[in-house]
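# Breakdown of the fold
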Amino acid sequence: MKPSYYITTTLPYVNAEPHIGTALEFVQADVLARFHRLRGEDVVFNTGTDEHGLKIWKQAVLAGMDPKAYCDQFASKFHGLKETLALSYTHFIRTTDPHHVTAAQEFWKRCDANGDIYKARYVVKYCVGCELEKTESELVDGRCPIHPSLEIERRDEENYFFRWSKYQRALLTHYDAHPDFVMPKRRFHEIRTFVEDGLQDFSISRLTDKMPWGIPVPGDDAHVMYVWFDALVNYVSTLGWPSPGDFERFWPGVQIAGKDNLRQQSAMWQAMLASAGLPLSKQIFIHGFITADGQKMSKSLGNVVNPYDLVARYGTDAVRYFLLGGIPSSEDGDFSTAHFEELYTSKLVNGTGNLAARVTAMIEKFAGGAVPEMADDRFATPQFWKTYTDALDSYRFDETVRALERYVASMNQAIDVEAPFKKAKDGADVGPFMAQLAEALRHVGIALLPLVPATAEQILRQLSVDPGSVRIPEATAWGMLPAGHRVVKGDILFPRLPS
RNA sequence: CGCGGGAUAGAGCAGUUGGCAGCUCGCCAGGCCCAUAACCUGGAGGUCGCCGGUUCGAGUCCGGCUCCCGCAACCA
């Protein structure tokens, strides 16, 4: 049986337009999914939408819509990213899916059976003007910023709580036994310190008569689950849990999440798994945020970067390339049109795109459009693959891209040193060098497959290589391109931007 | 003493275990003419936020300080 690999994104809350940060997480996950498929693994790649909770319910009521119907319009918006960003996810779960609902209830029952759920009084701060609960962080000087003339009321209600505190020791033990549990390292230290400082049980239900849009708590119709509890369960419900099958085959899996999700994913969810008697996640990768022109993206500033707009303007692969190579993979990064266009022109138009045209054109001109007899590797190709693979295995997508850029640069350099266009005029044999270039371009094409799949396939087809037949590591050996393979100069890969 | 991040060439950034300060863009000067006016070579440009310490040697380690930015758990 093939090895299995499971990667999942967090589920974006459906009540928002997809923005470039969502796209970053999706693309990073997609690269891993594609890379592991190339390695011959059976891959489950999960994403979806988180659809319960107060905000959705409130907005649906305002729009005079049924909450589910309201979610439907948004869910399709996120689903549309699949084509726009060339995502290869295999599972798209919505937390309103019937199976997820029953799975979340089963999960609750297991935690309850383990003695980890109890009822307690829960004090909320409530703004009568908004008719909404408010958190401390939403208040300004203890007052609702929207209704500053009204006093915030304190309201008591009975809620269910999850015994998070009970798992402090278990979490720390697990962290210590798995020093790569959370990547990068500094996030791991951050969560470890947080757990070490002590955990407070958290509320996991809401009163149905105040907010009915949630999964009913098993055996108590007066409550629905707090959206966090329900949403986290998606990582296993999507695999069919509690049925064994795919769950046993693919869980535990790799999770990818933003820095705002560090606690929920690597401490809350892990304690929940332990409580339900399930294995903890395999690894969690935390990425940063993308700012726009140096500022945090927000609706009020009007600087939200929409991935659909970017793709419409620059193309899918250009956007993917920027997300992977244009910003630090695990730190905050900045988006600006100038930065994006600089990268596009210097690396895609002048770099990879031009190189592919250069090499294929030369082989047509100087080698009759066919690969000559193969010659030795002059590009340190094995070292390139090692850097490339190590970088991907440690979620350094930016380093992966840089390795590729260096490889491309070394090819341009070699062309200049070798000057085959001169030698050909002098009647010298440039065949061996043409073979080296064709072969090196094949490696570029393969390495691009997980990153910018459409471009990669175009390059490989120009070399008459079937992209579907590529397997790693077999295909990374030097000299796999057979002599006589037809080479055709194709269309321009990346058109120059209008100046 | 709430948690975390940042401060490196004009701009944007890399610098893994301490060992001659790098990359991209831009600028200047050459080369080449196969390629998407692309490519290659060389050059100018930095007291690596400030102060002190460890060391033969610190952007990198330790202590202190200044400034900027996120987050602060029941914001989904």
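Data block above holds the structure.
Residues numbered from 1 in each chain as written. Chains lettered and ligands numbered in written order. Predicted model: local features only at pLDDT ≥ 70, side-chain atom pairs only at ≥ 80, totals over all residues. Heavy atoms only, no water.

Of regular secondary structure, chain A possesses 19 helices and 15 strands. Its C-alpha atoms give chain A principal-axis dimensions of roughly 90 × 50 × 40 Å. Counting the 499 residues in chain A, one finds 55% classified as buried. Counted over contacts in chain A with a minimum sequence separation of 6, partners at least 24 positions apart contribute 77%. A total accessible area of about 21300 Å² is found for chain A, and carbon and sulfur atoms account for 51% of it. Averaging the locations of the 53 positively and 63 negatively charged side chains of chain A gives two centres separated by 2 Å. (Helix = DSSP H or I, 4+ residues; strand = E, 2+ residues; numbered from the N terminus. Buried < 20%, exposed > 50% of the residue type's maximum accessible area, 1.4 Å probe, protein only. Contact = heavy atoms within 4.5 Å. Areas by Shrake-Rupley, 256 points an atom, 1.4 Å probe, with all protein chains shown as cover. Lys, Arg positive; Asp, Glu negative; His and termini not counted. Charge placed at Lys NZ, Arg CZ, Asp CG, Glu CD.)

This part takes up the protein's contact with RNA strand B. Around RNA strand B sit 48 residues, and of these K55, Y122, Y226, K296 and K489 come closest. For RNA strand B, the backbone makes up 72% of the atoms found within 4 Å of the protein, where backbone means sugar plus phosphate. Listing elements by their share of the surface near RNA strand B, those giving two or more residues are α7 (185-196), α8 (227-232), α14 (337-366), α16 (397-418) and α17 (420-425). It is α14 that provides the largest number of residues to the surface near RNA strand B, a total of 13 residues. For the surface near RNA strand B, the class distribution of residues is 17 nonpolar, 12 polar and 19 charged. (Near = heavy atom within 4 Å. Nonpolar A, V, L, I, M, F, W, Y, C, P; charged D, E, K, R; others polar.)

A separate point is the packing of aromatic side chains. A complete count under the given rule lists 32 aromatic pairs for this structure. Aromatic pair F107 and F229: ring centres 6.1 Å apart, planes at 75°, arrangement edge-to-face. One end of the pair, F107, is in helix α5 (residues 98-113); the other, F229, is in helix α8, and 122 residues separate them in sequence. Seen in terms of ring centroids, F285 and F397 are 6.1 Å apart; in terms of plane orientation they differ by 75°. Their pairing is edge-to-face. Taken together, the positions of F285 in strand β13 (residues 283-287) and F397 in helix α16 put the pair 112 residues apart, joining distant regions of the chain. Exposure class is identical for F285 and F397. Each is buried. What links up through ring pairs into an aromatic cluster is the set Y6, F107, W108, Y160, F229, Y235, W241, W251 and W269. The ring of Y89 is capped by K82, whose NZ or CZ atom sits 4.5 Å from the centre of that ring. (Phe/Tyr/Trp six-rings, centres within 6.5 Å; stacked < 30°, edge-to-face > 60°. Lys NZ or Arg CZ within 6 Å of the ring centre and 35° of its normal.)

This part takes up the side chain of T238. Within the element layout of this structure, T238 appears in the loop between α9 (234-237) and α10 (245-250). Note on T238: relative accessible area 12%, which makes it buried. A distance of 2.8 Å separates a polar atom in the side chain of T238 from a polar atom in the side chain of N46. What T238 contacts, discounting residues up to four positions off in sequence, is Y6, N46, H91 and I93. (Polar contact = N/O pair within 3.5 Å; in protein donor to acceptor, adjacent residues only side chain to side chain.)

Moving on, we come to the sheet that holds strand β12 (residues 254-258). On the basis of which strands lie adjacent, the open sheet formed by 6 strands has the order β3-β2-β1-β12-β13-β7 and parallel pairing. Looking at the sheet topology across the chains shown, the edges are occupied by β3 (91-94) and β7 (182-183). Along the sheet, helix α1 (residues 20-38) makes contact with β1 (4-8), β2 (42-49), β12 and β13, crossing β2 at roughly 165°. Packing against the sheet, helix α11 (residues 262-275) makes contact with β7, β12 and β13, and its axis sits at approximately 140° to β12. (Pairing = 2+ DSSP bridges. Axes fitted to C-alpha atoms, helices over the stretch in contact; angles between N-to-C directions.)

What follows is about α1. For α1, with 19 residues, the first-to-last C-alpha span of 26 Å sits near the 27 Å given by 1.5 Å per residue. With 18 of 19 residues buried, α1 lies mostly within the body of the structure. Positive phi shows up at G40, right after α1, with a value of about 80°. (Expected span 1.5 Å × (residues − 1).)

Turning next to the sheet that holds strand β10 (residues 216-217). Strands sit in the order β9-β11-β10 across an open sheet of 3 strands; the sheet is antiparallel. With one partner strand each, in any of the chains shown, β9 (205-207) and β10 form the two edges of the open sheet. By the bridge criterion, 3 bridges tie β9 to strand β11 (residues 220-225) in an arrangement that is antiparallel. Residue pairing for β11: S205 is matched across the bridge by M225. With respect to the sheet, α5 is in contact with β9, β10 and β11, its orientation differing from that of β11 by roughly 105°.

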